Amino acid sequence: VASLPVALGPRAAAWLACFVMAAAQVLVIICLYLWGAPMAALVVGGLLGGQVIAMRIFLSDPEGRATWYNGIGVLLYVTGMMASAYALRLLEVTT
């Protein structure tokens, strides 16, 4: 199986996964702010802050902390996606 940990090694795969997750959330925060949902951007930013703390712990021992990060970091990530979806639903869209 050519998974990221197999292809890159556990440490590099963990760094790449954290970077991609954080970068996507930064883009969402910017979009939410520009689209007129600053409170949602603040919520997602706060969740990203918590996730960065979890990422630091995860990256100190990617193999030993993978299960822990899946429970904490991914929960914060998904919560941010739900907050973003809720904010988008509240935005008035004209076509």
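Bear in mind that the values here come from a model prediction, so they are computed numbers and not experimental data. (Residues numbered from 1 in each chain as written. Predicted model: local features only at pLDDT ≥ 70, side-chain atom pairs only at ≥ 80, totals over all residues. Heavy atoms only, no water.)

Novice: Is there a simple way to think about the environment of Val 1 in this case?
Specialist: Residue placement: Val 1 occurs in the segment before helix H1 (4-8). C-alpha separation for the pair Val 1 and Ala 40, spaced 39 residues apart in sequence, amounts to 38 Å. (Helix = DSSP H or I, 4+ residues; strand = E, 2+ residues; numbered from the N terminus.)

Novice: Sorry, what's going on with the packing of aromatic side chains here?
Specialist: What describes a pair of aromatic rings is the distance from one ring centre to the other and the angle between the planes of the rings. Overall, the coordinates contain one aromatic pair when judged by the stated rule. Of note, Arg 65 hangs over the ring of Trp 68, and the distance from its end group to the ring centre comes to 5.4 Å. (Phe/Tyr/Trp six-rings, centres within 6.5 Å; stacked < 30°, edge-to-face > 60°. Lys NZ or Arg CZ within 6 Å of the ring centre and 35° of its normal.)

Novice: Any chance you could explain a nonpolar patch on the surface here in plain terms?
Specialist: Where nonpolar side chains cluster on the molecular surface, the patch consists of Val 26, Leu 27, Ile 30, Tyr 33, Leu 34, Trp 35 and Leu 88 and spans about 770 Å² of accessible area. A per-element tally of the nonpolar patch places helix H2 (residues 10-34) first, with five residues. One can find Leu 27 in helix H2. (Patch = residues over 30% accessible without salt bridge, like charges linked within 9 Å, V, L, I, M, F, W, Y side chains within 5 Å. Areas by Shrake-Rupley, 256 points an atom, 1.4 Å probe, with all protein chains shown as cover. Salt bridge = Lys/Arg side-chain N within 4 Å of Asp/Glu carboxyl O.)

Novice: Explanation requested: the side chain of Gln 25 in the structure shown.
Specialist: Of note, Gln 25 is situated in helix H2. Side-chain polar atoms of Gln 25 contact the side chain of Gln 51, separated by 2.8 Å. With residues up to four places along the chain from it excluded, the contact list for Gln 25 reads Leu 48, Gln 51 and Tyr 77. (Polar contact = N/O pair within 3.5 Å; in protein donor to acceptor, adjacent residues only side chain to side chain. Contact = heavy atoms within 4.5 Å.)

Novice: Can you help me understand helix H4 (residues 62-90) in this one?
Specialist: Since the α-helix turns once every 3.6 residues, residues separated by three or four places project in the same direction. At Tyr 69, H4 shows its maximal kink, close to 55 degrees. Buried within H4 are the following residues: Pro 62, Tyr 69, Gly 73, Leu 76, Gly 80, Ala 83, Ser 84 and Ala 87. Among the structural elements, H2 and helix H3 (38-60) are those in contact with the buried residues of H4. (Bend = angle between axes of the 7 residues up to and from the residue. Buried < 20%, exposed > 50% of the residue type's maximum accessible area, 1.4 Å probe, protein only.)

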